[in-house]
Amino acid sequence: MNLLDGVKILSFNHYLAGPLAAQTLADLGADVIAVEPIEGAFQRNWAVANHFVAGDSVNHLATGRNKRSIAVDLKHPDGIAAVKKLVATSDVVMENFRPGTMAKLGLGYDTLKAINPGLIYAVATGFGSEGPYKDRPGQDLLLQAMSGLAMRTGRADGEPTAVGAVIVDQHAASLYAMSILAALFARTKTGKGQLVEVNLYQAAIDLQVEPLTAWLNGAPSPTPRGPAGIAAWFSPGPYGVHATADGHMAISMAAPKALAVALESEALKQFGDADSFSKREEITRIVAARLKQKSTAGWLPSLEAAQIWHAPVQDYRDLESDPQLKHLGVFKTAESAGGAPIRMVAHPARYDGQTPEVRLVPQRLGAQTREVLGEIGYGAADIDAMIVGKAVGVAR
């Protein structure tokens with residue numbers, strides 16, 4: 001599947017948001033060339049849970065597929081010269097360094113635009129390229145804290161809570177890829193490149209567009225988090241996660257009378273639909289107490305029959321046997337560049353019923369340095385000299 005066939009992207013990305021956005025575009029068929037330092041990008045050398053598979057960090061395995069890898073010393077004049085030659089034949093440059101870093105290296109937007117006027121130069125930062133926070137480190141947990149997301153997550157009787165995944169980075173990655181696609185589309189009409197910028201702070205705000213819009217327009221918010229058992233401050237009862245006899249169950253938006261039938265609860269029959277928010281704590285207490293009286297599996301038939309929006313709370317171990325995820329082919333298995341079996345999460349969309357394939361497993365650092373430089377006119381002897389001079393590196 002090559003929806004972006006012919007699109008060449010240079011990715012100077014590290015950490016998560018940038019590499020993940022580049023992988024999304026690579027999945028769609030773009031020729032993404034990951035330009036890494038001689039010692040490798042951050043995500044190649046650091047891993048969540050400190051977990052590596054046959055020498056590859058799980059972070060690299062999560063964000064490195066379908067990309068070619070070249071290793072370049074961006075402080076070496078020959079390395080910079082090689083990058084500029086690559087820019088001349090590229091459609092997109094992506095980077096997520098601190099603001100001003102690429103310009104200091106001689107690879108800023110104005111410089112590269114002069115080389116290639118049709119270039120789309122896409123930047124992801126923590127807080128934007130200008131403003132009082134521009135030099136702050138942009139990291140997911142910090143952004144969850146600053147954006148109100150942590151304050152608005154968790155129980156009313158508990159502390160602010162971070163979400164259990166790196167969701168700000170991941171949402172920023174989606175916005176980053178989407179913005180590049182929009183700029184590519186615009187170029188088909190105008191022939192002009194442009195500067196595209198996204199930042200993690202606005203990604204964190206954008207994640208909360210529904211509750212923030214409610215709050216900005218005067219919705220009552222007596223507590224930052226929802227009452228006990230309710231998932232959010234703006235939710236009706238019993239919207240939330242509740243304990244059963246042997247696990248937990250999520251109950252979404254449900255009318256009290258429908259719940260009364262599903263849970264065989266006389267106490268719920270007294271409430272009307274209009275009470276879902278005004279009497280949400282009382283409704284939630286009744287539902288929570290009733291759910292504890294049966295197992296999760298024991299409640300499923302009656303909830304389904306009453307058409308209550310519900311879901312058992314699953315952990316990662318449950319996902320591999322989930323029939324819908326199996327049907328969608330969400331988990332892929334391949335052999336890593338190091339020769340070990342690896343599991344990956346598939347591209348999250350289908351095109352004419354097809355999921356993009358894994359054309360390249362995450363590559364070893366510099367695996368395609370010779371290949372890529374050869375494509376822009378460097379001879380074998382020239383490349384050898386650059387390797388000896390440590391302007392570029394190759395896979396060991």
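Residues numbered from 1 in each chain as written. Predicted model: local features only at pLDDT ≥ 70, side-chain atom pairs only at ≥ 80, totals over all residues. Heavy atoms only, no water.

- The chain appears in an unreviewed UniProt entry as CoA transferase from Bradyrhizobium arachidis.

**Some points on the side chain of H242**
Move 1: Position of H242 relative to the elements: it lies in strand β9 (residues 240–243).
Move 2: Given a relative accessible area of 3%, H242 falls into the buried group.
Move 3: Separated by 2.7 Å, the side chain of H242 and the backbone oxygen of P238 make a polar contact.
Move 4: Residues contacting H242, with those up to four places away along its chain left out, are G229, G247, H248, M249, I251, T284, A288 and L291. (Helix = DSSP H or I, 4+ residues; strand = E, 2+ residues; numbered from the N terminus. Buried < 20%, exposed > 50% of the residue type's maximum accessible area, 1.4 Å probe, protein only. Polar contact = N/O pair within 3.5 Å; in protein donor to acceptor, adjacent residues only side chain to side chain. Contact = heavy atoms within 4.5 Å.)

**Here we look at the environment of G339**
Move 1: Mapping G339 onto the fold places it in the loop between β12 (331–335) and β13 (341–345).
Move 2: G339 sits 286 residues away from V53 along the chain, and the two C-alpha atoms are 9.5 Å apart.

**Things to note about the sheet that holds strand β10 (residues 248–251)**
Move 1: With respect to topology, 3 strands assemble into an open sheet ordered β9-β10-β11, the strand pairing being antiparallel. The strands lining the two open edges of the sheet, one partner per strand, are β9 and β11 (310–312). Strand-to-strand, the axes of this sheet are offset by a mean angle of 25 degrees, without reference to chain direction.
Move 2: Across 3 bridges, β10 lies against β11 in antiparallel orientation. Counted as the bridge partner of I251 is H310 from β11.
Move 3: Strand contacts of helix α13 (residues 280–291): β9 and β10, with the helix running at about 40 degrees to β9, the strand carrying the most contacts. (Pairing = 2+ DSSP bridges. Axes fitted to C-alpha atoms, helices over the stretch in contact; angles between N-to-C directions.)

**Some remarks on unusual backbone geometry**
Of all residues except glycine, most have a negative phi; of all peptide bonds, most are trans.
Move 1: Note the cis peptide between G237 and P238, where omega equals 0 degrees.
Move 2: Inspection of the secondary structure puts P238 in the loop between α10 (209–216) and β9.
Move 3: For A54, which is not glycine, the phi torsion reads 50 degrees and is therefore positive.
Move 4: The topology assignment puts A54 in the loop between β3 (52–53) and β4 (56–57).
Move 5: Assessed through its relative accessible area of 39%, A54 is described here as partly exposed.

**What to know about the sheet that holds strand β1 (residues 8–12)**
Move 1: Taken in spatial order, the 7 strands line up as β8-β7-β6-β1-β2-β5-β14 in an open sheet, and their pairing is mixed. Each end of this open sheet is capped by a strand with a single partner; those strands are β8 (195–199) and β14 (392–393).
Move 2: Pairing of strand β5 (residues 67–72) with β14, which is carried by 2 bridges, proceeds in the antiparallel orientation. Bridge pairing in β14 links A71 to G393.
Move 3: Its contacts with the sheet put helix α4 (residues 77–88) on β1, β2 (31–36), β5 and β6 (92–95), and the angle it makes with β1 is roughly 145 degrees.

**Side note on the pattern of salt bridges**
Move 1: As enumerated under the stated definition, the model contains 14 salt bridges in all.
Move 2: A salt bridge links R44 to E36; the shortest N-O distance between them is 2.6 Å. Side by side, R44 and E36 carry an identical accessibility label, which is buried.
Move 3: We note a salt bridge from R317 to D315, for which the minimum N-O separation is 3.5 Å. (Salt bridge = Lys/Arg side-chain N within 4 Å of Asp/Glu carboxyl O.)

**Some thoughts on the packing of aromatic side chains**
Move 1: Following the criterion strictly, the structure yields 7 aromatic pairs and no others.
Move 2: The ring of Y133 has R136 lying over it, and the distance from NZ or CZ to the ring centre is 4.0 Å.
Move 3: Between the NZ or CZ atom of K294 and the centre of the ring of W299, over which it lies, the distance is 4.7 Å. (Phe/Tyr/Trp six-rings, centres within 6.5 Å; stacked < 30°, edge-to-face > 60°. Lys NZ or Arg CZ within 6 Å of the ring centre and 35° of its normal.)

**Observations regarding the side chain of T369**
Move 1: By secondary structure assignment, the location of T369 is in helix α17 (residues 369–375).
Move 2: If near-sequence neighbours (up to four positions away) are discounted, T369 is found in contact with S69, I70, A71, V392, G393 and V394.

**With respect to a nonpolar patch on the surface**
Move 1: Side chains of Y15, F42, W46 and V48 sit close together on the surface and give an oily, nonpolar patch of about 390 Å² of accessible area.
Move 2: With respect to the helices and strands, the residue Y15 is situated in the loop between β1 and α1 (17–27).
Move 3: Of the residues examined, Y15 reaches a relative accessible area of 43% and is grouped as partly exposed. (Patch = residues over 30% accessible without salt bridge, like charges linked within 9 Å, V, L, I, M, F, W, Y side chains within 5 Å. Areas by Shrake-Rupley, 256 points an atom, 1.4 Å probe, with all protein chains shown as cover.)

**Some details on the environment of D384**
Move 1: Mapped onto the elements of the fold, D384 is located in helix α18 (residues 380–388).
Move 2: Under the relative-accessibility criterion, D384 is labelled partly exposed at 34%.

**Details of the pairing of β10**
Move 1: Side chains of β10 alternate between two faces, with M249 and I251 buried and H248 and A250 left unburied.
Move 2: Where β9 and β10 come together, 4 bridges link them in antiparallel fashion. In the sheet register, V241 faces β10, and the bridge partner there is A250.
Move 3: Here β9 hands over to β10 after 4 residues, the two strands then running antiparallel side by side.

**Comments concerning the environment of P301**
Move 1: Within the secondary structure layout, P301 lies in helix α14 (residues 296–305).
Move 2: What makes P301 exposed here is its relative accessible area of 54%.
Move 3: When the C-alpha positions of P301 and A262 are compared, they lie 8.8 Å apart, and in sequence the two are 39 residues distant.

**Concerning the packing of α1 against helix α8 (residues 167–190)**
Move 1: The N-to-C vectors of α1 and α8 enclose an angle of 45 degrees; their axes lie 8 Å apart at closest approach. In terms of their interaxial angle, α1 and α8 are classed as oblique. Like other packed secondary-structure pairs, α1 and α8 cross with a definite hand, here right-handed. Judged by residue contacts, A17, G18, L20, A21, T24 and L25 of α1 engage D169, Q170, A172, A173, Y176, A177, I180 and L181 from α8.
Move 2: Across the contact of α1 with α8, the residue classes tally to 10 nonpolar, 3 polar and 1 charged. (Parallel < 35°, antiparallel > 145°, perpendicular 65-115°, else oblique. Left-handed = near helix turned anticlockwise from the far one by under 90°. Nonpolar A, V, L, I, M, F, W, Y, C, P; charged D, E, K, R; others polar.)

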